[in-house]
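Spelled out, the chains give:
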Amino acid sequence: MEKRLKKYLEFYRSVAEGEQEIGERESFRREMLVQIQFFQHERLIHLIVTVLFALLAVITILASLIIQEPAVLLLCLMFFVLLIPYIRHYYILENGVQMLYEYYDRIE
């Protein structure tokens, strides 16, 4: 998904800066809105997953304070190992969608 987003960002940047010509402007903007909606949906799904993993990590931290077992600490560590890439991916999606909004406004 990250490669696809970067490809679209580069394409829309070149269009917004006038480096690349487009055909009919209105159909191009409609197609761009469809792509923005795809990335918004992806962003929402990853937000839900990221929040879920963050909640699970906090719950396992609290559980490790109550239940002093190495398995609970290992589970907590596993949630944090997974949470870091999810946060990075969500950060990329969020910033990419914000850039798509900016390019959409500039293409008007």
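To be clear, the structure that these remarks concern was listed above.
So, here is what we can say about the structure in this document. Only a predicted model underlies this, so the values are computations on that prediction, with no experimental measurement involved.

Once that is clear, we can look at the nonpolar core. Of all hydrophobic cores here, the largest spans 18 residues; its most connected members are Leu-5, Tyr-12, Phe-28, Met-32, Leu-100 and Ile-107. The set of elements that each furnish at least two residues to this core consists of α1 (2–16), α2 (25–66) and α3 (70–107). With seven residues, the top contributor of residues to this core is α3. When neighbours within four sequence positions are excluded, Leu-100 is seen to be in contact with Leu-5, Leu-9, Tyr-12, Met-32, Ile-36 and Phe-39.

Moving on, we come to the packing of α2 against α3. Between α2 and α3, whose axes approach to 8 Å, the crossing angle comes to 160°. Comparing the axis directions of α2 and α3 gives the class roughly antiparallel. Here α2 runs over α3; the crossing is left-handed. Along the lines of polarity and charge, the residues of the contact of α2 with α3 split into 31 nonpolar, seven polar and five charged.

On to the pattern of salt bridges. If charged atoms from side chains of opposite charge come close, those side chains can pair. This model, assessed by the stated rule, comprises five salt bridges. Among the ionic pairs, Arg-43 bridges to Glu-94, the shortest N-O distance being 3.2 Å. Here the residue Arg-43 occupies a position in helix α2, and Glu-94 occupies one in helix α3, the gap between them amounting to 51 residues. For Arg-43, a relative accessible area of 15% translates into the label buried. For Glu-94, a relative accessible area of 22% puts it in the partly exposed group. Glu-102 serves as the salt-bridge partner of Arg-106, at 3.6 Å between the closest nitrogen and oxygen. With Arg-106 and Glu-102 both in helix α3, this residue pair falls four residues apart, about one helical turn. Among the charged side chains, a network of salt bridges with common partners joins Glu-2, Lys-6 and Arg-88.

Relative to the helices and strands, Glu-19 is located in the loop between α1 and α2. When the C-alpha atoms of Glu-19 and Leu-83 are compared, they prove to be 39 Å apart, with 64 residues separating the residues in sequence. When sequence neighbours within four positions are dropped, the list of residues in contact with Glu-19 reads Arg-13 and Ser-14.

For the structure on display, the rule yields seven aromatic pairs. Relative to Tyr-12, the ring of Tyr-8 has its centre 5.9 Å away and its plane inclined at 25°; by these criteria the two rings are stacked. Of this pair, Tyr-8 and Tyr-12 are both found in helix α1, four residues apart, which corresponds to roughly one turn of the helix. Taken together, the ring pairs in this structure connect Tyr-8, Phe-11, Tyr-12, Phe-28 and Phe-39 into an aromatic cluster. The ring of Tyr-8 has Lys-7 sitting right over it, with the charged end atom 5.3 Å from the ring centre.

About the cut-offs
Residues numbered from 1 in each chain as written. Predicted model: local features only at pLDDT ≥ 70, side-chain atom pairs only at ≥ 80, totals over all residues. Heavy atoms only, no water. Core = buried A, V, L, I, M, F, W, Y, C linked by side-chain atoms within 4.5 Å. Buried < 20%, exposed > 50% of the residue type's maximum accessible area, 1.4 Å probe, protein only. Helix = DSSP H or I, 4+ residues; strand = E, 2+ residues; numbered from the N terminus. Contact = heavy atoms within 4.5 Å. Axes fitted to C-alpha atoms, helices over the stretch in contact; angles between N-to-C directions. Parallel < 35°, antiparallel > 145°, perpendicular 65-115°, else oblique. Left-handed = near helix turned anticlockwise from the far one by under 90°. Nonpolar A, V, L, I, M, F, W, Y, C, P; charged D, E, K, R; others polar. Salt bridge = Lys/Arg side-chain N within 4 Å of Asp/Glu carboxyl O. Phe/Tyr/Trp six-rings, centres within 6.5 Å; stacked < 30°, edge-to-face > 60°. Lys NZ or Arg CZ within 6 Å of the ring centre and 35° of its normal.

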